Amino acid sequence: FEHVESETRPRASPRIVFETEGARERQLDVFEETLRSMKGDQDDPDKEKEPLLRNGPVDPFKENKMTDGGNKTYTLQQKLTVVLYLAVNVASASGIVFANKAVFKFYNFPFAVTLTWVHTLFTILGMRLFAKGGLFTPKKLTFKQVAPLAAAFVGYVVLNNISLNLNSVGFYQISKILISPAILVLEKLLYNKSSTLQTKLAIVLVLVGVGIASVSDVSVNFTGTLVALAAVLVTATYQIWVGTKQKELGAGSMQLLHEYTPTAALFLMLLIPVLEPVGLFSRAPGTIMGFEYTYGAIVAIMISALLGLVVSLSTFLVIGATSSITYNVVGHMKTVIIIVGGYLFFGDEMNPRKFLGIVLCLTGVYWYTHVKLASAMSSSSSQEPLSTVRVQTSSKQ
């Protein structure tokens, strides 16, 4: 603010000049007192004064400056934190695929929605423990505020499982690849957010590589196609909301995850009897209650659930620190790791087509990362540093 003047009051008005970025808390206190004085709040010393500016939790990325193009600029510490978030997310998301494969294949537990519900329960417990340990301060959000995000989460889980059942594995992989373009389209339509040509080309290269490496048999049917398209739209919406809801609600990644998971668990619990055989009254084989929960099966389910907690938390942290499209692009590294892991540990075939796809995908991820880093550095160099606030008063004659 260069200056603030009142046309109706002969009083002095504040003059605020930014010079250095030192005592931020003192700056905000001074500025808030100035705003209160303009509102007349100082006349009542017993009135509780709520912060006018400092809404939301302390977040390591909250102070990121934004250019007109919407590119975030990071300090070195923030860049290292982003790399850590991404590494944890890719590692845990890859690990959970192998853990779920053990649950479904080795222990014959076919109830995907129920397993997701168990993951959600572990996430609730984990976030409660994190809050008790002082890792974050919970922020109370209403059911109305978190219900859309919870519904989107449940929708993407359920629709993707139904899509996998109705479609071939190849077509299912294609539908997963379409999530990145869907995010770009939805962000343009809903938020008027666009990406550069280089970014789009890098994303295309990633998607082509993943498609070549992972898509084999492709068979199409009308019902399966409709469900797959719905799954793509809901998944893209969920990933976008994970980022936008944090800003909209003034909540950090851990705070939002802490608040919305109980609602998601409730929605999943209501859907389980509809989508999977519970066996509540007759514990027959092939039902959830009739399943033989051996020690090995329980351990495998718990490992999968613990990884689910890490995946959920790292997903919110990555999207909160970067963007939904960055999360999606780098997330394709998971497909590469799964293919390589299948070749190394499960004896899967590694043919030239898969190898070419992996090379293209890795090249695209590197290109995308290079473009984003170059954009961030350009934005940073074009900005002058923020500075401390000096408050002056001047009377309007």
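Further up the page is the structure itself.
In this report, the structure presented in the accompanying data block is examined. Here the structure is a predicted model, which is why all the values come from computation and not from measurement. In this convention, every chain numbers its residues from 1, walking through the sequence in written order. Where totals are concerned, whole chains, interfaces and linings use all residues; where local detail is concerned, this predicted model gives features only for residues with pLDDT of at least 70, and gives and counts side-chain atom pairs only at 80 or more. No hydrogens and no water enter the side-chain calculation; it runs on all heavy atoms of the structure.

With axes taken as lines fitted to C-alpha atoms, and helix axes fitted only over the stretch in contact, angles between N-to-C directions fall between 0 and 180 degrees. Where helices and strands are cited, they refer to DSSP runs of H or I of at least four residues and of E of at least two residues respectively, numbered from the N terminus. Direction vectors running N to C along helix α6 (residues 179-191) and helix α8 (residues 222-249) enclose 60°, while the axes themselves pass 9 Å from each other. As judged from the angle between their axes, α6 and α8 are oblique. Of the two possible hands of crossing, α6 and α8 adopt the one that is right-handed. Between α6 and α8, the residues in contact are I179, A182, I183, L186, E187 and Y191 and V232, L233, T235, A236, T237, Q239, I240, W241 and T244, respectively. Reported orientations rely on four angle classes, namely roughly parallel under 35 degrees, roughly antiparallel over 145, roughly perpendicular from 65 to 115, and oblique for the rest. A crossing counts as left-handed when the near helix is turned anticlockwise from the far one by less than a right angle, and as right-handed when that turn is clockwise. Throughout, a residue-residue contact means that at least one pair of heavy atoms, one from each residue, lies within 4.5 Å.

Looking now at helix α11 (residues 324-345). Owing to its 3.6 residues per turn, the α-helix aligns residues three or four sequence positions apart on the same side. Compared with the 32 Å implied by 1.5 Å per residue over 22 residues, the 31 Å span of α11 between its first and last C-alpha is a close match. Trailing α11 by a residue or two, G347 shows a phi angle of about 75°, which is positive. A helix's residues, less one, multiplied by 1.5 Å, set its expected span.

Below, the discussion takes up the packing of aromatic side chains. Between rings of Phe, Tyr and Trp, where Trp is taken as its six-membered ring, a pair exists when centres lie within 6.5 Å; planes separated by under 30 degrees are stacked, by over 60 edge-to-face, and by other angles tilted. What the rule picks out here adds up to 10 aromatic pairs. Aromatic pair F143 and F267: ring centres 6.3 Å apart, planes at 85°, arrangement edge-to-face. In this pair, F143 is assigned in helix α4 (residues 143-166) and F267 in helix α9 (residues 253-275), connecting sequence segments 124 residues apart. Arranged with centres 4.9 Å apart and planes meeting at 75°, the rings of F291 and Y293 form a pair that is edge-to-face. Burial here depends on accessible area, computed with a 1.4 Å probe over protein chains only, as a share of the maximum for the residue type. Under 20% is buried, over 50% is exposed, and the range in between is partly exposed. Given the relative accessible area of 14%, F291 is considered buried. Each member of the aromatic cluster is reached from another via a ring pair, and the members are F153, Y156, Y238, Y260 and F316. Remark: a charge is flagged as sitting over a ring if the NZ atom of Lys or the CZ atom of Arg is within 6 Å of the ring centre and within 35 degrees of the ring normal. Stacked on the ring of W241, the Lys or Arg K245 has its end atom at 5.2 Å from the ring centre.

One non-glycine residue, N108, lies in positive phi territory at about 55°. As for its position among the elements, N108 is in the loop between α2 (76-106) and α3 (112-132). The phi dihedral of N192 is positive, around 55°, even though this residue is not glycine. Summarising the element assignment, N192 is placed in the loop between α6 and α7 (197-214). Here N192 falls in the exposed class, since its relative accessible area comes to 59%.

Here the focus is the nonpolar core. Residues belong to one nonpolar core when they are buried, are Ala, Val, Leu, Ile, Met, Phe, Trp, Tyr or Cys, and are joined through side-chain atoms within 4.5 Å. In this structure, F153, Y238, Y260 and F316 are the most contacted members of the largest nonpolar core, which totals 48 residues. Counting residues per element, the ones that place at least two in this core are α2, α3, α4, α8, α9, α10 (295-321) and α11. Sort the elements by how many residues they give to this core and α10 lands first, with 11 residues. Excluding residues within four positions of it along the chain, F153 makes contact with T116, T120, Y238, Y260, A264 and L268. V336, I339, I358 and C361 belong to the second largest nonpolar core, which has 24 residues in total.

The next thing to look at is the side chain of T123. Relative to the assigned elements, T123 resides in helix α3. Leaving out residues up to four positions away in the same chain, T123 has contacts with L257, T261, G308, L309 and S312.

This part takes up the packing of α2 against α3. Between α2 and α3, the shortest axis-to-axis distance is 12 Å and the interhelical angle comes to 130°. In this view, α2 runs oblique relative to α3, as classed from their interaxial angle. The hand of the α2/α3 crossing is right-handed. Each of I96, N100, V103 and F104 in α2 lies in contact with α3, whose residues at this interface are A112, L115 and H119. Throughout, the ten residues Ala, Val, Leu, Ile, Met, Phe, Trp, Tyr, Cys and Pro are labelled nonpolar, Asp, Glu, Lys and Arg are labelled charged, and all others, Gly among them, are labelled polar. A breakdown of the residues in the contact of α2 with α3 according to their chemical character gives 5 nonpolar, 2 polar and no charged.

In this fold, L141 is placed in the loop between α3 and α4. Counting along the chain gives 118 residues from L141 to E259, while the straight-line C-alpha distance between them is 6.5 Å. Filtering out sequence-adjacent residues up to four positions away, L141 remains in contact with V146, L249, L256 and E259.

Between Lys or Arg on one side and Asp or Glu on the other, a salt bridge is scored when a side-chain nitrogen of the former is within 4 Å of a carboxyl oxygen of the latter. Summed over all chains, the structure comprises 2 salt bridges. Measuring nitrogen to oxygen at the nearest pair gives 4.0 Å for the salt bridge that ties K193 to E187. The class for K193 is partly exposed, based on a relative accessible area of 38%. The closest approach of N and O atoms between E248 and K245, which form a salt bridge, is 3.6 Å. Of this pair, E248 and K245 both sit in helix α8, separated by 3 residues, roughly a single helical turn. Judged by its relative accessible area of 56%, E248 is exposed. Under the relative-accessibility criterion, K245 is labelled buried at 11%.

Tracing the chain through its elements places R128 in helix α3. Taking the relative accessible area as the measure of exposure, R128 reaches 35% and is therefore partly exposed. In this structure, the C-alpha to C-alpha distance between R128 and P138, residues 10 residues apart in sequence, is 9.0 Å.

Before going further, it helps to spend a moment on a nonpolar patch on the surface. For patches, a residue must show more than 30% relative accessible area and have no salt bridge; joins then use 9 Å for like charges and 5 Å for nonpolar side chains, namely Val, Leu, Ile, Met, Phe, Trp and Tyr. Surface accessibility follows the Shrake-Rupley procedure with a 1.4 Å probe radius. Residue values consider only the protein chains on display as shielding. Taken together, the side chains of V185, L189, L190 and Y191 present a nonpolar region at the surface, about 430 Å² in accessible area. Locating L189 in the fold gives a position in helix α6. In this structure L189 comes out as exposed when scored by relative accessible area, which is 67%.

Below, the discussion takes up α3. The end-to-end C-alpha separation of α3 is 30 Å, in line with the 30 Å expected for 21 residues at 1.5 Å each. In the stretch just after α3, G134 is the one whose phi turns positive, near 85°.

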